[in-house]
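Single-letter residue listing:
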Amino acid sequence: MALPRLTGALRSFSNVTKHEDYSEELADLTTKRSKLHAQLLKSDLTWKKIIKFVDDNLDKKEYQTVNGDLKTILQAAKQIVGAENGQEAIESGAVFLFKTFHGKECVGHDETKVIKQMFGPFPSSSATAACNATSRIASHFPEEQLRALMQLAEEQNGGNRVLFGKNIVFSFDMHDLDHSEELPVNGETDMQKNISLDY
Amino acid sequence: MPALPLDELQLTERDPKTGKLRTLPALHPEIKADRSFVLYKPPPAIRDPALVEEFLERAKFIADDLNWLLALPHDKFWCQVIFDETLQKCLDSYLRSAPRKFDVLWDCHPEVHELQKCLHRSVFLTFLRMSTHKESKDHFITPSVFGKIIYNNFLFDIPKILDLCVLFGKGNGLLLQKMIGNIFTQQPSYFSDLDETLPTVLQVFNNILHKCGLQCEGASAEPQKLEEKISVTAGNMPLQELKDIVLYLCDTCTTLWAFLDVFPLACQTFQKHEFCYRLASFYELAIPELESAIKKRHYEDNSVHCAVFSCSCENIQPFIEEFLQIFTSVLQERRFLRDYDELFPVEDDVSLLQQASSALDETRTAYILQAVESAWEGVDRRKGQAVKDPA
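None of the values given here were measured: they were computed from a predicted structure. (Residues numbered from 1 in each chain as written. Chains lettered and ligands numbered in written order. Predicted model: local features only at pLDDT ≥ 70, side-chain atom pairs only at ≥ 80, totals over all residues. Heavy atoms only, no water.)

### What about the interface of chain B and chain A?
Each partner contributes residues to the interface: chain B has 94 residues there, and chain A has 63 residues. For the pairing of chain B and chain A, the buried interface totals around 7,400 Å² over both sides, and the portion due to carbon and sulfur atoms is 58%. Here Asp28(A) ties to Arg58(B) by a salt bridge, and the two come within 3.0 Å at their closest N and O atoms. Run the count over chain B and chain A and you get 23 residue pairs in polar contact (both at pLDDT 80 or more). Among the secondary structure elements, those contributing two or more residues to the side of chain B that touches chain A are helix H1 (49–70), helix H3 (85–97), helix H4 (110–130), helix H6 (158–168), helix H8 (189–211), helix H9 (239–262), helix H11 (275–296) and helix H13 (334–343) of chain B. It is H9(B) that provides the largest number of residues to the side of chain B that touches chain A, a total of 12 residues. (Contact = heavy atoms within 4.5 Å. Buried area = accessible area lost by both parts, 1.4 Å probe. Salt bridge = Lys/Arg side-chain N within 4 Å of Asp/Glu carboxyl O. Polar contact = N/O pair within 3.5 Å; in protein donor to acceptor, adjacent residues only side chain to side chain. Helix = DSSP H or I, 4+ residues; strand = E, 2+ residues; numbered from the N terminus.)

### Brief notes about the nonpolar core
One recurring pattern in soluble globular proteins is that nonpolar side chains are buried together. Residue and element names in this part refer to chain B. Ranked by size, the top nonpolar core spans 165 residues in total, and within it Trp 78, Phe 156 and Phe 259 carry the most contacts. Summarising the domain contributions, this core has at least three residues from each of domain 1 (6–187) and domain 2 (191–220 + 228–375). Those residues within four positions of Trp 78 in sequence are excluded, and the remaining contacts are Leu 6, Leu 27, Arg 129, Met 130, Thr 132, Ile 141, Phe 146, Ile 149, Ile 150 and Leu 155. (Core = buried A, V, L, I, M, F, W, Y, C linked by side-chain atoms within 4.5 Å. Buried < 20%, exposed > 50% of the residue type's maximum accessible area, 1.4 Å probe, protein only. Domains from an automatic or database assignment.)

### As for H9(B)
Taking 1.5 Å of rise per residue, the 24 residues of H9(B) would be expected to cover 34 Å, and the 34 Å separating its terminal C-alpha atoms lies within 8% of that figure. In terms of burial, H9(B) is a largely internal element, 17 of the 24 residues being buried. (Expected span 1.5 Å × (residues − 1).)

### Things to note about the pattern of salt bridges
Following the criterion strictly, the structure yields 28 salt bridges over all chains and no others. Here Arg22(B) makes a salt bridge to Asp15(B), at a shortest N to O gap of 3.8 Å. For Asp15(B), a relative accessible area of 17% puts it in the buried group. A salt bridge links Arg335(B) to Glu291(B); its shortest N-O distance comes to 2.6 Å. Taken as a pair, Arg335(B) in helix H13 and Glu291(B) in helix H11 lie far apart in primary sequence, 44 residues in all. A residue is classified by how much of its surface remains accessible, and Arg335(B), at 7% relative accessible area, is buried. Each of the salt bridges in this network shares a partner with another, and the network as a whole consists of Arg11(A), Asp92(B), Arg96(B), Arg100(B) and Asp163(B).

### A closer look at unusual backbone geometry
All names here are of chain B. Within the chain, Ser 36 stands out as a residue other than glycine whose phi angle is a positive 60 degrees. For Ser 36, the position within the fold is in the loop between strand E2 (21–25) and H1. The phi torsion at Phe 154 lies on the positive side, around 55 degrees, for a residue other than glycine. Among the secondary structure elements, Phe 154 is positioned in the loop between helix H5 (143–152) and H6.

Spelled out as structure tokens, the structure:
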């Protein structure tokens, strides 16, 4: 239920504001999720680039071990994204999992939240498999090499840009009512207290 | 070469469809990113896991999107702000629904609390950036064009400005003063909008009186329907309705107080509508009625105490006559005078005026002080006895 607000009345009854229709926004969360999926497909970091990165930087013997882990991540992505969404969506999901679990030892609360936000409810065993596989792949590379790879994904998200107002001191203090034990408008209180019905 | 304002800048870029080079104004809808902001909904009042989860998902989307927005370069930020309706609706939904300090206390999950705080800051910074026409030496908008942009696109309107004051004004007063001062300076039409809004504000007072079954001055002269004659008063209305009215009154008073505190220049517009007089007569009628209704119901919620507010002006000299006139017009509102005098002693104000102006009409001030004094006659409570919170 709408809270009783002065500005609510002003929005409804004055002509100084844009009269917005919010009814169409009921499905905004669904729209948002599909928009995020679309963004994921446009990421500069692709599954092919990850495979190429592994191929370029490892010898044949190591590559075969890592290749198994790459397949595990792809398989986990298939279960989390859903096979019906097509190969492109699955590969971008695999990139997302690789990026999410890079530098993580296990599937924590934050990782669960991030994956759920992107794909909705998912099988936790798939996430654990992807996390372990990512960890094993990462162990073959020096940290700087991996960081350079990850930057491909971050640049698109503006990860290295400066936030406006970063240094502004912000206060959470908000206007409130003056609390007092008695209302200040209690002219009659004393009088009422003095009345006694004890005859 | 000096930098051009954003509204005069042209960008040359490759058309994503044809691949050919083209020139576009820097402020152009095609530059806007397809982001799709979601609407804000307040934290759930109860710790229902499903509701908490929905809040967290929604709030996280907004927090991420606002951080992305704040990190955009100047030109892209303004394209998004002007042309992305989902962003405008998202910001508006926050201002409408964000919890005020006096809203019913909710048992808040720590994660909800943290995310709400993060969102609160990001929303403020977004509005701060939107109210700034000169972000740096090289990034600016022609002031008159800035005034048109914010007004024509409803980036700011009077209800939004009032919401900003009540949500952020207490702790960020100085910044907010600059923001709102700049908005009104670059776009004086906001003064006309404020003027147009005042009758609705006064109507809110009338509506409260009407709901409490009280007569009010300036109320509609429409004939009353016979079935409306059933007398509903603050004392006998359903509890939820009474609670709503009290919260409505608290919100109204606190919002107006916050706004006038941040932007005292608005007092002149308020006065054009005899606001002080209307406020005093509203107070005289409504507060005693609501107070006794609350006492009658043993209403123990401390959060519903009412706020009294004043209009203050920094430059006192030109307003002395106005001060005297306002007080002369409210002298018959005895209850209002007593409560006002208790919170803001009239004698002190008069003493200040005497120091500020040697030409003060002493007969009139003596008359006012005498009236205030007589408002206290026959009342058991004495001046200066108000129980005040030591904090």
